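This is what each chain is made of:
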Amino acid sequence: MRLNSMSPGEGSKREKRRVGRGASSGWGKTSGRGQKGQKSRSGGGVRPGFEGGQQPLKQRVPKFGFRSRIGLVTAEVRLGELNAVEGDVVDLESLLKANLITASIKRARVMLSGEVNRPLTVQGVAVTKGARAAIEAAGGKVED
């Protein structure tokens with residue numbers, strides 16, 4: 001078998017419909033668009049969601065949801081990641097130096113995930129209950 005002798009399977013391809021080519025074609029005169037009206041015109045039709053002037057469903061249903069912008073400047077830091085901080089004081093500057101937060105972060109929260117293996121002093125960073133207990137168990141303290 002050669003490439004030039006190959007052809008698609010029987011019935012797998014459909015010929016393009018040529019409209020407006022006479023009455024005997026079955027798609028002549030109005031070309032399957034009916035008589036008059038917006039949908040019969042060139043460029044006619046309505047945008048998706050348009051309901052003929054009736055209030056569209058998208059606008060009828062109530063709005064919901066809210067995205068707090070505080071979340072954009074807040075970071076979560078795992079307890080185990082605090083071991084990467086140099087020095088004994090953990091604050092936003094030391095977290096930034098350790099590449100645990102980005103420069104746009106204005107507030108951070110320490111979550112209980114992992115272990116801290118040395119006494120640390122946490123300043124100006126929010127701490128969950130479990131993380132506070134773990135820091136204090138390691139001999140550190142949390143200053144608000």
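Residues numbered from 1 in each chain as written. Predicted model: local features only at pLDDT ≥ 70, side-chain atom pairs only at ≥ 80, totals over all residues. Heavy atoms only, no water.

Considerations on the sheet that holds strand β6 (residues 141-143)
Taken in spatial order, the 3 strands of this open sheet run β2-β4-β6, and their pairing is parallel. Each edge of the open sheet is held by one strand with a lone partner, namely β2 (89-90) and β6. In the sheet, strand β4 (residues 121-123) pairs with β6 via 3 bridges, with the strands oriented parallel. Residue pairing for β6: T121 is matched across the bridge by K141. (Pairing = 2+ DSSP bridges. Helix = DSSP H or I, 4+ residues; strand = E, 2+ residues; numbered from the N terminus.)

As for the nonpolar core
L82 and L95 are the most contacted members of the largest nonpolar core, which totals 19 residues. If you list the elements that add at least two residues to this core, you get β1 (74-78), β3 (107-111) and α3 (129-137). Setting aside chain neighbours within four positions, we find L82 in contact with V77, V90, L95, V110, R118, L120 and I135. (Core = buried A, V, L, I, M, F, W, Y, C linked by side-chain atoms within 4.5 Å. Buried < 20%, exposed > 50% of the residue type's maximum accessible area, 1.4 Å probe, protein only. Contact = heavy atoms within 4.5 Å.)

Brief notes about a nonpolar patch on the surface
There is a patch of nonpolar side chains on the surface, built from M1, L3 and M6 and spanning about 470 Å² of accessible area. Mapped onto the secondary structure, M6 falls in the segment before α1 (57-60). (Patch = residues over 30% accessible without salt bridge, like charges linked within 9 Å, V, L, I, M, F, W, Y side chains within 5 Å. Areas by Shrake-Rupley, 256 points an atom, 1.4 Å probe, with all protein chains shown as cover. Salt bridge = Lys/Arg side-chain N within 4 Å of Asp/Glu carboxyl O.)

Observations concerning the environment of T30
Position of T30 relative to the elements: it lies in the segment before α1. Each C-alpha atom of the pair T30 and V122 lies 78 Å from the other, and the pair is 92 residues apart in sequence.

Notes on the side chain of T128
The residue T128 is located in the loop between β5 (126-127) and α3 in this model. Every residue in contact with T128, bar those within four places of it in the chain, is listed here: R109, V110, M111 and L112.

Thoughts on unusual backbone geometry
In the Ramachandran plot, K29 falls in the positive-phi region, its phi being about 45 degrees despite a non-glycine side chain. By the element assignment, K29 lies in the segment before α1. Phi is positive for S31, close to 60 degrees, though the residue is something other than glycine. Position of S31 among the secondary structure elements: in the segment before α1.

Thoughts on the sheet that holds β3
If you trace the 3 strands from one edge of the open sheet to the other, you get β1-β3-β5, paired in parallel fashion. Every other strand in the sheet has two partners, leaving β1 and β5 as the edge strands with one partner each. Where β3 and β5 come together, 2 bridges link them in parallel fashion. Its bridge partner lying in β5, R109 is registered against A126.

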